[in-house]
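Inside the fold
These are the residues of each chain, in order.
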Amino acid sequence: MKKIALFTIIFAVVFASCKKDDEENSTPSSGSSTITITSSDLGGVDDTYYHKIDSSNVDTLSLEVKNGIVDLSMLVSDYNDTTRFRSPSDYTSGSLFNNANLVLDAGNNRLYMNKASDKVEILGMSVDMNDTTEINIINTDNLTMLEFPLAVGDTLHDTSTGSGSTMVNLSGFQMEITLTLDLETSYKNISQEKVKTPTGTETCIKQYVQSISKMTISPDISGNGPQIDTTYFYRYYAKNKGDVFVEVKLDKEKNNNEINYLQ
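A few points on the structure. (Residues numbered from 1 in each chain as written. Predicted model: local features only at pLDDT ≥ 70, side-chain atom pairs only at ≥ 80, totals over all residues. Heavy atoms only, no water.)

1. Some points on the overall build of the chain
Helix and strand content of the chain: 1 helix and 13 strands. Of the regular secondary structure in the chain, the N- to C-terminal order runs α-β-β-β-β-β-β-β-β-β-β-β-β-β. Per-residue burial over the chain gives 46% buried out of 263 residues. Total accessible area on the chain stands at roughly 12900 Å², and carbon and sulfur atoms take up 45% of it. (Helix = DSSP H or I, 4+ residues; strand = E, 2+ residues; numbered from the N terminus. Buried < 20%, exposed > 50% of the residue type's maximum accessible area, 1.4 Å probe, protein only. Areas by Shrake-Rupley, 256 points an atom, 1.4 Å probe, with all protein chains shown as cover.)

Laid out in structure tokens, this is it:
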């Protein structure tokens, strides 16, 4: 059975173990203006954004501000990724997600969202279990992923639960399974920094995010119990970019593991 890919997505509790300098709010350098990120700075229906991802030796790169800038211009592209925003009406399952007005299409998974002027919420997702079986996980309480405007010092914490059922073929017998997905996300906007990548330089709000997902299948035909995943990120949001300008995925020791930057 395929593991669900969450964008944490994927969303995240800010632990006390976060580095001290990450907990302190940074103010813009002298002469620079303070920015906020609004709903209009993020993409909408039919927008597509392309990313390059560096996963080679990025743990040695510094995210510190030096000479007024975070210099990531040395990043390379090990592989590419694409963010596709679509309309719920493009999918047969779209009508199941009340109030959804935007879909993040990730191929095998589709994340249904409500993007408003004050926030972005996750209403649930559709997951292709195999070539013929789709399961729709509908949240009973929606997960707020972002609150607008984003400004330095802002924090968020939210949780959600969603579930869906489908029939699967198990050794020739049809069996109904129910998949329950519990999500938790938190972030803190910790600073405003100028960031340079191979594709450009932008003034950004730096956000620390932790996302926790717990996936439970009933009946537990695998015998492995709930699957719990925790992911950590730094995300850098810039004006008028439509998507995250830079995303740094961290390992459990909070070292850089992978860096995704907007093309």
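2. Let's talk about the pairing of strand 11 (residues 227–238)
Regular strands have side chains that alternate between both faces of the sheet. In this structure, strand 10 (residues 200–218) lies alongside strand 11, joined through 12 bridges in antiparallel fashion. In the sheet register, Gln 207 faces strand 11, and the bridge partner there is Arg 235. Pairing of strand 11 with strand 12 (residues 246–250) involves 5 bridges; the strand directions are antiparallel. Within the sheet, the bridge partner assigned to Phe 233 lies in strand 12 and is Lys 249. (Pairing = 2+ DSSP bridges.)

3. Quick notes on the side chain of Thr 83
Along the polypeptide, Thr 83 turns up in strand 3 (residues 79–86). Take Thr 83: its relative accessible area is 12%, and that puts it in the buried class. A distance of 3.2 Å separates the side chain of Thr 83 from the side chain of His 51, its partner in a polar contact. Residues within four places of Thr 83 in sequence aside, it is in contact with Asp 47, Thr 48, Tyr 49, His 51, Leu 104 and Asp 243. (Polar contact = N/O pair within 3.5 Å; in protein donor to acceptor, adjacent residues only side chain to side chain. Contact = heavy atoms within 4.5 Å.)

4. Some remarks on the side chain of Gln 207
Looking at the secondary structure, you find Gln 207 in strand 10. Among the residues examined, Gln 207 registers a relative accessible area of 1% and is labelled buried. Within polar-contact distance, the side chain of Gln 207 engages the side chain of Asn 189 at 2.9 Å. Beyond its immediate sequence surroundings of up to four residues, Gln 207 is in contact with Leu 146, Leu 150, Tyr 187, Lys 188, Asn 189, Phe 233, Tyr 234, Arg 235 and Tyr 237.

5. A few points about the pattern of salt bridges
Scanning the entire structure with this criterion turns up 6 salt bridges. Among the ionic pairs, Lys 239 bridges to Asp 41, the shortest N-O distance being 2.9 Å. Linking Lys 239 in the loop between strand 11 and strand 12 with Asp 41 in the loop between helix 1 (20–23) and strand 1 (48–54), this pair joins segments that are 198 residues apart in sequence. Look at Lys 239 and you get partly exposed, because its relative accessible area is 32%. Residue Arg 110 is joined to Asp 128 by a salt bridge in which the shortest nitrogen-to-oxygen separation is 3.0 Å. Of the two residues, Arg 110 is situated in strand 5 (residues 109–115) and Asp 128 in strand 6 (residues 119–128); the sequence distance between them amounts to 18 residues. We note that Arg 110, like Asp 128, is buried. One salt-bridge network, held together by shared partners, links Arg 110, Asp 128 and Glu 134. (Salt bridge = Lys/Arg side-chain N within 4 Å of Asp/Glu carboxyl O.)

6. Brief notes about the pairing of strand 5
The buried count for strand 5 comes to 6 of 7 residues, which makes it a mostly enclosed element. Strand direction decides the pairing type here: strand 4 (residues 102–105) and strand 5, joined by 4 bridges, are antiparallel. Across the sheet, Leu 102 pairs through a bridge with Met 113, a residue of strand 5. Turn length for the strand 4-strand 5 hairpin, with the two strands adjacent in sequence and antiparallel, is 3 residues, and the turn residue Gly 107 shows positive phi of about 80°. In this structure, strand 5 lies alongside strand 6, joined through 7 bridges in antiparallel fashion. Paired with Tyr 112 across the bridge in strand 6 is Gly 124. Here strand 5 folds back onto strand 6 in antiparallel fashion, the turn holding 3 residues.

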